[in-house]
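The lines below spell out each chain.
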Amino acid sequence: MKIIRTVEEWKKERETFKNKKIGFVPTMGGLHAGHLSLMKKCRAENEIAVASVYLNPTQFNDKKDLETYPANFDDDVKLLESAGIDYLFAPTYTVMYPDDYKYKVIETDFSKMLCGAKRPGHFDGVLTVVMKFFNIIRPTNAYFGEKDFQQYQLLKGMVEAFFLDINLIPCPIVREENGLAISSRNRKLSAEGLAKAPKLHEILAMKKSIAEKEALLTEAGFKVDYITEYKGRLYAAAFLEDVRLIDNVNA
Ligand code: AMP
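Residues numbered from 1 in each chain as written. Predicted model: local features only at pLDDT ≥ 70, side-chain atom pairs only at ≥ 80, totals over all residues. Heavy atoms only, no water.

Q: What exactly am I supposed to notice about unusual backbone geometry here?
A: With phi around 55 degrees, K18 is a residue other than glycine that occupies positive phi space. Accessibility expressed as a relative area gives 72% for K18, which makes it exposed. (Buried < 20%, exposed > 50% of the residue type's maximum accessible area, 1.4 Å probe, protein only.)

Q: Sorry, what's going on with the pattern of salt bridges here?
A: For the structure shown, the criterion picks out 12 salt bridges. Notably, a salt bridge pairs E67 with K63, separated by 3.3 Å at the nearest N-O pair. Separated by four residues within a single helix, E67 and K63 lie in helix 3 (residues 63–67), roughly one turn from each other. Each member of the pair, E67 as well as K63, is classed as exposed. (Salt bridge = Lys/Arg side-chain N within 4 Å of Asp/Glu carboxyl O. Helix = DSSP H or I, 4+ residues; strand = E, 2+ residues; numbered from the N terminus.)

Q: Explanation requested: the layout of surface pockets in the structure shown.
A: The method is simple in principle: a probe with the dimensions of a water molecule rolls over the atoms, and the space it marks as empty is what remains. The computed volume of the second largest pocket comes to approximately 200 Å³. In terms of lining residues, the second largest pocket is bounded by E107, D109, F110, F149, Q153, L154, G157, Y230, K231 and Y235. Counted by class, the lining of the second largest pocket contains five nonpolar, two polar and three charged residues. Structurally, the lining of the second largest pocket is a two-domain feature, drawing no fewer than three residues from each of domain 1 (2–171) and domain 2 (184–246). (1 Å grid on protein atoms, 1.4 Å probe; cavity = no way out; pocket = protein on both sides within 12 Å on 5 of 7 lines; lining within 4 Å. Points joined across faces, edges and corners; volume = space filled by probe spheres on them. Nonpolar A, V, L, I, M, F, W, Y, C, P; charged D, E, K, R; others polar. Domains from an automatic or database assignment.)

Q: Any chance you could explain the site of the ligand here in plain terms?
A: The immediate surroundings of the ligand are formed by 17 residues, with M28, G145, D148, V174 and I182 found nearest. Measuring from a nitrogen atom of the ligand, one finds a backbone N or O atom of V174 at 2.8 Å. Within the backbone of I182, one N or O atom sits 2.8 Å away from a nitrogen atom of the ligand. Protein coverage of the free-state accessible area of the ligand, which is 490 Å², stands at 93%. (Near = heavy atom within 4 Å. Polar contact = N/O pair within 3.5 Å; in protein donor to acceptor, adjacent residues only side chain to side chain. Areas by Shrake-Rupley, 256 points an atom, 1.4 Å probe, with all protein chains shown as cover.)

Q: Whenever I open this one, the sheet that holds strand 5 (residues 141–145) confuses me. Can you help?
A: Backbone-to-backbone hydrogen bonds pair the strands of a sheet. The strands run either parallel or antiparallel. Here six strands make up an open sheet; going across it, the order is 1-4-3-2-5-6 and the pairing parallel. Only two strands of the sheet have a single neighbouring strand rather than two, namely strand 1 (2–4) and strand 6 (167–171). Averaged over all neighbouring strand pairs, the angle between strand axes comes to 25 degrees, with direction disregarded. Each of strand 1, strand 3 (48–53) and strand 4 (87–89) touches helix 4 (residues 73–82); the most contacted strand, strand 3, lies at about 165 degrees to it. (Pairing = 2+ DSSP bridges. Axes fitted to C-alpha atoms, helices over the stretch in contact; angles between N-to-C directions. Contact = heavy atoms within 4.5 Å.)

Q: Looking at this structure, how should I read helix 7 (residues 122–137)?
A: Along an α-helix, residues three or four positions apart point the same way, because every turn accommodates 3.6 residues. For helix 7, built from 16 residues, the straight-helix expectation of 22 Å at 1.5 Å per residue is met to within 8% by its first-to-last C-alpha distance of 22 Å. The element helix 7 is largely enclosed, with a buried count of 15 among its 16 residues. In the stretch just after helix 7, R138 is the one whose phi turns positive, near 55 degrees. (Expected span 1.5 Å × (residues − 1).)

See the structure below:
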């Protein structure tokens, strides 16, 4: 696997591909089995498989969350190599934001709901950085997890709104055996927190009202940020030990 740090380096590589099919998986690092499933699909469906590891500061509304985000670059490299990824794009802030984030992609409707209502500016950061990645990498196919279902929907809307010639491929949520959606942030939980965390999915999937689910989660020690049904899907975010966990299920 080649590690690419700048846009210029990547452009040189890309010129050698001719019309090969490029698959792309953007990540923020701290890679785990959830990411691995996207990498494997990307590897299987494309001639050139590209991943990015970039902890994008513009999508963090909470500075502490950014500073404590669990990531280990060497471990990430090993996982990507094991998945057969050809190129890892790992830029710096200056590479990604030569404009210092003066230019943004903003969606004005769905991005203000659910996680967007609780994390102001979050989806502006996500849409902007993914637009930049798409313009740099120029993938044929790009892979996103349904764990971040709202993010996937917003990216799909962006691709349509700006006529981007890229196929977005949604990938199912990878869970622990106990139902917990695998997430880099799970690593921030204590052993006790990790034992409680599966309750989020367990309670969300119950045949009960939203108010009952909120009460059960609160009883179990979560601080519920929101539980909302929207277009046939039930979305939730809840804090456990100050770690913000998200999940979603078919409503
Ligand atoms: P992140 O590094 O958290 O930005 O995630 C990078 C990509 O991996 C996003 O498209 C996520 O939705 C996806 N992803 C993260 N965790 C999971 C999971 N447990 N199952 C499926 N996809 C995931």
